[in-house]
Structures are given as C-alpha cells and as structure tokens.
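# Structural overview
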Amino acid sequence: MAMDEGFVELRGIASRYGSTQVLNDINLSIAKGEFVALLGSSGCGKTTLLRLLAGFQTASAGEVMVRRRNMTAEPPHKRGMALVFQSYALWPHMTVAQNIGYGLKLRGAPRSKIAERVSAMQALLGLQGLEARKPSALSGGQRQRVALGRALAIDPEILLLDEPLSNLDARIRLTVRHELRALQKRLGITAVHVTHDREEAMVMADRIVILDAGRIAQAGTPEEVYNRPASAFVAAFMGAENVVPLSGTVDGEAFVIAEGPVNAAGSVALMARPLSTGSVEARFRPEAARLAPAGDVMAPGTGITFRGEVLAVSYPGGHWRHVVRLGDREIMADADRAFAPGDAVAVHVPAEALFLFSSPHQAAGSTNSRAMTSGKVSA
Amino acid sequence: MMRNISFGGGAWSTLWWIPRGIIFGLLAFFIFGPLFNLVLWTVAEKWYFPHSLPLQYGFSYWEKVFAPRGGAIESLTNSLIVAVLTVVVSLLLAIPTGYALARLKLPFRSLILLAFLIPQAFPNLTVYVNIARIFYEIGLNGTVPGVVLVHVSHGLVYAVWIATAAFSAVDPELEQAARNIGAAPMRAFFDVTLPLAAPGLMASAIFVFLESLDEFTGSYFVGAPDVNMLPLLLYTAGSGGNYQIASITALLLLVPSLIFMMVVERFLKADVLSKVGH
C-alpha cells in the first residue's frame, strides 16, 4: 500500500470561472486501486475537479500528478483516464460494438483483438447480443453499461465517474452501485466518483471527500465522515440536521455542557475535538436521539438531554418520527413507539452521536442564531 | 344515448371531407396549376389565344434545346460544374467557420454571423457590377472560377449559418468522450463531430447548390458571354417570347429543387433548424 500511496496527487489545485473561484487549495492524494467519492451539493466544484482531472479544464493554480508525473498540461487524450459521463455521451452514429471498441481502434489494435475485447466487455457488463444496436435503441441501464464498457475497454488506470448513476431509476441504481463497486475492486482500477448522493458515496467509496464551496471540507472513510464530521457543514451534509445552540466549558479531557433553557447539564469526552469554551453548535441525527416521557428517569450515561414537547408524529417506516419543539426551535427525533402531539418528552442524545462545533463567530450569520433572535423577539 | 353520439360523430365525419376537399383542392390548384401550365408549354408545338389548350403537341422544342447548337447542354454543364464547385468551396470554408462559431468563445460572434449576410444586404446589381469590374482587372471575368467565387460569396451565408447550427446541435460531450478515450482533437472531429453534423452540412450544401443553380445577376455580369449558365438561357428564351424553350429550361431548373425538398425533409432535423442563426 505504501508504495502505491500518492498514485494520483492533486497539489494546491485552484480553478476560477471568470471572477468566481470554483476550486480553492485542493490537496488530495489517491492510492492505487482506491475508490474515492467526491461528494457535495451542486455548485461545490466536484464536477469541475473531475473535469480538471480528465483535462477538460485547466487549473488556475496547482498540479495534477499521476505516478509522480506532472499531468497538469497534458491534453485529455494523453492522460489515460477514462471518464464515464453523466449523460453517458454515447456516439449515436455508432453501434454498441463500435462505441466500446473505439478506444482500441484509436490505439491501432487489430480488428480481431478489438472484437475479442468488445465481446469480453459485453460479457462482463451483461450486454451480450446488443453489439449491433445503436444507443438510441437501448434502455437507460444498458446505455450506462455501454458507457462503462467503453471506458473500461481501454484498460484505464484511472476511472472517472461523473454521477453515472443519476440518470438511472431508483431500483436499478441500487444494484448498479454494488456491481460497479465489485467490478472496480475486481479490476483493481483507481476510481474517482462524483456524486451528490450521500448514501451512494457511503456504499461505494473507500474514502469520501466532501467538498464545500470549492474546498475540501473533510476527507475520510465513510465511517469517519459519518461518525466524526469535521465541521458543522459536514455533519449537516451527513444527515445531522438537528441543530441546537449550547454553551459549555472545556475541562481537561471533557467538554462540560452548561444547563440551558431546554437542556440539562451534561458532559462529553473531548476526544481531540477543537472545542473552546463558549457557545457551541450541537448537531445530531433524528435516529440518534432517544425519546422518553418527561420525568422518566433515564440512565443516560454521557451525552445530553433536552426537554421538549411533541408537535407532530409520522411513520416513515421502521420507526416513528417526531417533530419535537425545544424552546423556540424544532428538531426531529425517532422512537420505537409513537408519542402523542402535546406530550412532554425528554430527548437524549448519547455522547458518541452528538456533534459539537465551536460557533465560529459566536452569533455571526448562521441560521440558528437568527432563529434564536427572532424567537426572542416574538416571545 | 350512446348511439346518438356515435351517429352524430359519424354524420360529421362523413361531411367533413367537403370543406377539407375544397381547401386541398384550392391549394393543389395554386401549387400545381402553374406547374401544369409549364409542363404543357414544354410540349406545345402550337398554342395561341383564345385556345385554352395547345393545338398541337410534340417534342420538337426539346430536340431544339438539346441540339448541340441549342446551347442547353453547354449551359447545363456549366451550371452544374459551377454549382458543384461552389458547394465544395463553400463547405471547405463553412465547416471550419461553423465549427469555430459553434464551439469557440469568439468575441463579436453574432457580428461575424451577421457579416455573412452583407452580400445579400445590398442590391445585387450594384455589388455584382463592381465585382465584375474588379474581376475584369484581375482576369477572372468570364471564367468558371470567377463565377464560382461570386456564387460562393452569395451562398456562404447559408453554408455558414446552417453549418454553425449543425455543429451547435452536436453535444460537445460527445467530442469530449472521444478525446477522453484517446482521440487527438482532429481525430475526434472527424470521427464524431463531423459525422454527426453531416445531415446539417448536407442541407447547407443543397441550399448552396440550388442558390448557385438559379443565381442570375452575378452569373450574367461575371460569366456572360464566355460562361453561359442555365438561368441566362431561360432569360434569353423568355425575353424572346419563346415560351417553349423557357419552360423546358425552367423545368430543368425545377428538378434539383424537387430532389432538394425530399432530401431536406429526410436529413434536416428540427433541432438543427431551430439553431440556425443562433
């Protein structure tokens, strides 16, 4: 593994479109055979980064290295990276076989070898019998596989995937995820996959790189970004959408949360988090919360307990989802049983599922502080 | 109740053919009436007022037109040679121009597109008299290349505009996909973009061909009397009161138009047409 470290390396990549900075200070090292997902909402620069890797866009600063060779100025056709386009970009005037075989034809492979490789790709991707069809006569799933076959036929060292699953319908998408991942592992290809689908990234990738406004917000294994989000943005993006402002003090290896208007005092281990004494933003997922009738004695261990009132309850499947009012804000919390609207409840969030972030500028700009202010005014 | 409705519908549909028939009949008359008259003239040996049909039919005028001294064969050959050369030169210019206008971020793009319209924006006569004067000085007057150049300047607006539209209609990602898989820029262009733009380019070629075929003013000033073209023959015959020869020439000019209609209908896709001039 160590030898393959830094197979693909991005150093200080920046990109601007007109006066807008699309990418900023991107540093990323990808190992050989690694599956990396670039995750972010639309406009975060993930597609720009992929196109930059493929050579369709030039960086305004920084370097793209592959095997320690500087690729920054190489034209797209000399990069040896195969891109699967979101639109698939299959050539409508060529048959399936011609589409898949085109890369080899460019490399001057003999006809027999091309035919052999094309049928191998067809067998690999389940496209047997379709070689004479034009792309317009294929289903969405088949097109996607032809696009993949065309990319894989040239035996690329690096496979770039630009939301290749987003045009498939939901049920096919789930199976294709696993197929694609299994294929990538089997062939040992290094893959960079752009997606805005958190679950897709979690299921497929070895490592997730979360982009926010052109910068890397966090890079880590799915488990790391899910359980130890580095910033409020990452936490929110990974589904921890409940936000409660708290305040507390750093006390040795623990962060002691002061009793507030909606919460009891509590304490969580610091675990090397860069928290400082003062106000913090607490985030947690609905499924991480535990609901109990108010006044019930919970054996909470570490963590925090909020006091609230159930506003609404619904059953999305598997558990009951409650909208709970905590003071002047609302959160979501799941429970195995339904609480009736109007019930006073205690919401407990265990320490390991409670994400705390020091509020950057105390009250500056964040939505929650505004909610607080308006709440106070109306109250 | 049901029976009533279906009966009413039936009555309506049995009567519907009457207004439809009248409309289509009138339409057919206005389109095919003059054409029929034209065809009739080509085979009329004797036809004068007040007779509504020719008094005598025959092919003697066809023989006259296609006789070696009738000049029709020479004019037809000249017209076809000039038209084909015009198409070739126009496309050679329009393909790179259209591609550049469709794909590259050019400053003053719409101004450049508009510039190709300029030869059409001024009275033809003024333009071609001046061209004839210049061509005369450099020895291009009365030569096939001279006439071709005039026709190219005239046809380029169609060629460039339609080529631009044809290239715009090709998704740039298709070309990028070829580049990504290992094709150098030229290779990607010839393997992907050009074949996909071909129907549009074909249509522009046909436009230019037809424009060249019945272009009169330029051919007259630059070509005649050394290079005689079909429209010139038509003009001479028509102004001499020889309706038979004029009709036969007109019919000859009509054939490519009809073929053109059928080809365009087959090749030109709506998405290309919608991008013309953008």
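Residues numbered from 1 in each chain as written. Chains lettered and ligands numbered in written order. Predicted model: local features only at pLDDT ≥ 70, side-chain atom pairs only at ≥ 80, totals over all residues.

### Points about the overall build of chain A
Tallying secondary structure elements over chain A gives nine helices and 20 strands in all. When its C-alpha atoms are laid out on the principal axes, chain A stretches across 80 × 45 × 40 Å. Burial status across chain A gives 39% buried among its 379 residues. Within chain A, contacts between residues at least 6 apart in sequence are counted, and of these 66% link residues at least 24 apart. (Helix = DSSP H or I, 4+ residues; strand = E, 2+ residues; numbered from the N terminus. Buried ≥ 20, exposed ≤ 12 C-beta atoms within 10 Å, placed from the backbone. Contact = placed C-beta atoms within 7 Å.)

### Quick notes on the UniProt feature "transmembrane region" (unreviewed entry) in chain B
Residue and element names in this part refer to chain B. Per the UniProt entry, the sites bearing "transmembrane region" (unreviewed entry) are residues 21–44, 80–102, 111–136, 148–167, 188–210 and 243–264 in this numbering. A distance of 31 Å separates the end C-alpha atoms of residues 111–136, which is 85% helix and 0% strand. Taken end to end, residues 148–167 is 100% helix and 0% strand, and its two terminal C-alpha atoms sit 25 Å from one another. (UniProt positions renumbered as here; feature names shortened; annotations may be inferred.)

### A word on the nonpolar core
Counting 166 residues, the largest nonpolar core has A:Leu38, A:Leu160 and A:Val192 as the members making the most contacts within it. At 15 residues, the largest contribution of residues to this core is made by helix H8 (residues 144–168) of chain B. Those residues in contact with A:Leu160, other than ones at most four positions away along the chain, are A:Leu50, A:Leu53, A:Ala54, A:Met81, A:Ala82, A:Leu83, A:Val84 and A:Val192. (Core = buried A, V, L, I, M, F, W, Y, C linked by C-beta atoms within 7 Å.)

### Structural notes on the sheet that holds strand S4 (residues 61–66) of chain A
Residues and elements named next belong to chain A. On the basis of which strands lie adjacent, the open sheet formed by four strands has the order S2-S1-S4-S5 and antiparallel pairing. Looking at the sheet topology across the chains shown, the edges are occupied by strand S2 (20–30) and strand S5 (69–70). Pairing of S4 with S5, which is carried by two bridges, proceeds in the antiparallel orientation. The partner of methionine 65 across the bridge, within S5, is asparagine 70. Together, strand S1 (8–17), S2 and S4 form the strand contacts of helix H1 (residues 46–54), whose direction differs from that of S2 by roughly 65 degrees. (Pairing = 2+ DSSP bridges. Axes fitted to C-alpha atoms, helices over the stretch in contact; angles between N-to-C directions.)

### A closer look at the pairing of strand S14 (residues 278–284) of chain A
All names here are of chain A. With five of seven residues buried, S14 is to be regarded as a mostly interior element. Bridge count for strand S11 (residues 242–251) against S14 is seven bridges, and the pairing is antiparallel. Bridge assignment links valine 243 to a residue of S14, and that residue is arginine 283.

### Some points on the environment of A:Tyr226
All names here are of chain A. Looking at the element boundaries, tyrosine 226 is found in helix H7 (residues 222–227). You can call tyrosine 226 partly exposed: it has 18 C-beta atoms within 10 Å. Among all residues touching tyrosine 226, those that are not within four sequence positions of it are Met202 and Met238.

### With respect to the domain arrangement of chain B
Residue and element names in this part refer to chain B. For chain B, the assigned domains read domain 1 (2–58) and domain 2 (63–273). Taking only C-alpha atoms into account, the centre of domain 1 sits 35 Å from that of domain 2. Taken together, the four residues of domain 1 in the interface contact six residues of domain 2. Each residue belonging to the side of domain 1 that touches domain 2 can be placed in one class, and the counts come to three nonpolar, one polar and no charged. (Domains from an automatic or database assignment. Nonpolar A, V, L, I, M, F, W, Y, C, P; charged D, E, K, R; others polar.)

### Here's the deal with the interface of chain A and chain B
In this assembly, 18 residues from chain A lie in contact with 15 residues from chain B. Where the side of chain A that touches chain B is concerned, the elements lending two or more residues are strand S6 (81–84) and helix H2 (96–106) of chain A. The biggest single contributor to the side of chain A that touches chain B is H2(A), with three residues. In terms of residue class, the side of chain A that touches chain B is made up of twelve nonpolar, four polar and two charged.

### Remarks on the environment of B:Ile31
Within the fold, B:Ile31 resides in helix H2 (residues 17–42). Expressed as a C-alpha distance, the spacing of B:Ile31 and B:Tyr235, which sit 204 residues apart in the sequence, is 23 Å.

### Quick notes on the confidence of the model for chain B
Residue and element names in this part refer to chain B. Mean pLDDT for chain B: 80, with 90% of residues reaching 70 or above. Looking over chain B, one finds the lowest element-wise mean pLDDT in helix H1 (residues 2–15), namely 58, and the highest in helix H9 (residues 172–180), namely 92. Low pLDDT, under 50, characterises residues 1–6; the stretch is placed with zero contacts to residues that sit more than four places away or in other chains. Per the prediction output, this complex has pTM 0.77; the corresponding ipTM is 0.79. (pLDDT = per-residue confidence, 0-100.)

### As for the pairing of strand S7 (residues 158–162) of chain A
All names here are of chain A. Of all five residues that make up S7, five are buried, and the element is covered over most of its length. Both faces of S7 are covered, namely the face carrying Ile158, Leu160 and Asp162 and the face carrying Leu159 and Leu161. With helix H5 (residues 170–187) bridging S7 and its parallel neighbour strand S8 (residues 190–195), the resulting β-α-β unit is right-handed. (Right-handed = clockwise from strand over helix to strand, strands pointing away.)

### A word on the sheet that holds S6(A)
Residue and element names in this part refer to chain A. Strand order in the open sheet formed by six strands is S6-S7-S8-S3-S9-S10, and the pairing between neighbours is mixed. At either margin of the open sheet sits one strand with a lone partner, and together these are S6 and strand S10 (215–220). Along the sheet, successive strands turn relative to each other by an average axial angle of 20 degrees, direction set aside. By the bridge criterion, five bridges tie strand S9 (residues 207–212) to S10 in an arrangement that is antiparallel. Paired with isoleucine 210 across the two strands is glutamine 218, which belongs to S10.

### Some remarks on the packing of helix H4 (residues 72–103) of chain B against helix H12 (residues 230–239) of chain B
Residue and element names in this part refer to chain B. Contact geometry of H4 with H12 gives a least axis separation of 8 Å together with a crossing angle of 140 degrees. As far as their axial angle goes, H12 and H4 are oblique. Within the contact between the two elements, H4 uses Ala72, Ser75, Leu76 and Ser79 and H12 uses Leu230, Leu232 and Leu233. Here the contact of H4 with H12 is built from residues that sort into five nonpolar, two polar and no charged. (Parallel < 35°, antiparallel > 145°, perpendicular 65-115°, else oblique.)

### What about unusual backbone geometry?
All names here are of chain A. Of note in this structure, arginine 67 is not a glycine but carries a positive phi near 50 degrees. As for its position among the elements, arginine 67 is in the loop between S4 and S5. By C-beta crowding, arginine 67 is classed as partly exposed, having 13 other C-beta atoms within 10 Å. Of note in this structure, glutamate 163 is not a glycine but carries a positive phi near 45 degrees. Mapped onto the elements, glutamate 163 comes out in the loop between S7 and H5.

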